[in-house]
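Breakdown of the fold
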Amino acid sequence: MAAPCVTRILVATALALGAGLAIGADGTPTGPPMTLKHGPGPSPARLPGGRPNWTGFWVPLGGLLEAYRGPSGVEGVPGGIAVNIPHADPTAPEMKSPYKEELSRMLQSSARGEELSSKEALCFPPGMPKMMVMVYGMEVLQTPNIVAMSSEWQSATRRIWMDLKAHPPEDELEDTYAGHSIGHWEGDVLVVDTVGVRPDVSYFYGMSLPHGKTHVIERFHQTAADVLVDDVTLIDGDVFVKPWVKAYTYHYRPDLRIQEYECLDNNRNVDEQGKSKF
Amino acid sequence: MRSKSFGWIMAALLSCAGVGTASAHHSFAAFDTTRQITLTGVVKEFQWTNPHCWLHLSVANGEGQAEEWQLEALSPNVLGRLGWKKNSVKPGDKVTVLVNPTRDGSRGGALISLTDANGNKIGGRT
């Protein structure tokens, strides 16, 4: 189901934008190098001490909010969700038993057009790493010791502790939706290690992280003055045949501000499994 | 070009909303995104709420009797950035809407666009 779905969106976007769409099979924009329309982004903003300062509001490049605004704002990257969706719905990971059987069942169910249960539809926090899809947008607030990233979706915030060198001992680590994140700088790259994500946080087709020992390694870096990339690697030798790699790309949007989104206000048409009903 | 683009992208978005996080919330599987119908009626209620806005519309059936339709829209944070406001439509307003109807035939659907009595589209590109 995933591939046809992505294909459908790519085709729709291609139809919408006419010939010459430059999107690779994995959703990565190809073709001419990006040139910026919105002027200089946060770079060369720097924190005291010289590290990059990404404080501000970012949206998935060409993603949901930009789909309604026509072109993405970056030449060579179309408006629409073609760029965002492959990130939200990446290639299935290679998993070990018994997880691969569970994943296979879910993929087959989805291919039959069956709706999968969804904790997100029940308004649970998105959790890591899926929250980094940042489907509406992400507010970054930085101090030298804390990088806070808030998702407009569900108003969920994660904090990356820059002043810690290690995670708490396993018997003191409390599983949470965002997990426990520690970060350090390698030049202008922010490297983050996250552990302690709740085992019931879904990350792929409703599958949960099988247990709390998965490490989520992220490398945040800018590829242009107003483009931030989060390269994500999931590492868990008990679960994955090989580390599962994906990337999220964000576009700096100083013209927008984060808004509150409280899902429980009027969640009127989902059943107890998070499936839609009418 | 842009409104056409929006329609195509929106159709793909809604048809796939169940598997990604494009909807950010729940699947739109209850709606038949291969079909579009036009309804004209009088606004009974407009709920400017998360996770979705809802428009309750009183529509006359073929026999002239009023029937209530319940139409699901996107969330205030998206609609607001399209130019919608919480009072863009009010009870008593006569409006025309384009919707993806429910699969089960119940009187409801996913709102694609809304035009007021003066022919103005709310939100520009919807």
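Residues numbered from 1 in each chain as written. Chains lettered and ligands numbered in written order. Predicted model: local features only at pLDDT ≥ 70, side-chain atom pairs only at ≥ 80, totals over all residues.

With respect to the confidence of the model for chain B
Residue and element names in this part refer to chain B. Averaged over every residue, the pLDDT of chain B is 79; residues scoring 70 or more account for 75%. Low pLDDT (under 50) marks residues 1-23, which in the prediction has 62 contacts with non-local residues, meaning those over four places away or in another chain. Taken over the whole predicted complex, pTM reads 0.79, whereas the ipTM for its chain interfaces reads 0.75. (pLDDT = per-residue confidence, 0-100. Contact = placed C-beta atoms within 7 Å.)

What to know about the pairing of strand S2 (residues 54-60) of chain B
Residue and element names in this part refer to chain B. Relative to S2, strand S1 (residues 37-47) runs antiparallel, the two sharing 5 bridges. Bridge pairing in S2 links Glu45 to His56. In this structure, the hairpin formed by S1 and S2 is closed by a connection of 6 residues. With 7 bridges connecting them, S2 and strand S3 (residues 66-72) associate as antiparallel partners. Each bridged residue has a counterpart across the sheet, and for His56 the counterpart in S3 is Gln70. (Pairing = 2+ DSSP bridges. Helix = DSSP H or I, 4+ residues; strand = E, 2+ residues; numbered from the N terminus.)

Considerations on the environment of Trp48 of chain B
Residue and element names in this part refer to chain B. Mapped onto the secondary structure, Trp48 falls in the loop between S1 and S2. A C-alpha to C-alpha distance of 9.8 Å links Trp48 and Ser88, two positions 40 residues apart in sequence. In this view, Trp48 contacts Cys53, Pro76 and Lys86; residues no more than four positions away in its chain are not counted.

So, the confidence of the model for chain A
Per-residue confidence for chain A gives a mean pLDDT of 76; residues scoring 70 or more make up 73%. Below pLDDT 50 for its whole length, residues 1-40 of chain A participates in 76 contacts with residues either more than four positions away or in separate chains.

A short note on the environment of Gly137 of chain A
One can find Gly137 of chain A in the loop between helix H4 (99-111) and strand S4 (138-142). Beyond its immediate stretch of four places on either side in the chain, Gly137 of chain A contacts Phe57, Trp58, Val59, Leu65, Glu152, Leu256 and Ile258 of chain A.

Points about the sheet that holds strand S11 (residues 215-224) of chain A
Residues and elements named next belong to chain A. In spatial order, the strands read S2-S4-S5-S6-S7-S8-S11-S12-S13; together these 9 strands close into a barrel with mixed pairing. Within this sheet the neighbouring strands show an average axis-to-axis angle of 30°, counted without direction. Relative to strand S5 (residues 146-151), S4 runs antiparallel, the two being bridged by 5 bridges. What sits directly across from Leu141, in S5, is Ala148. (Axes fitted to C-alpha atoms, helices over the stretch in contact; angles between N-to-C directions.)

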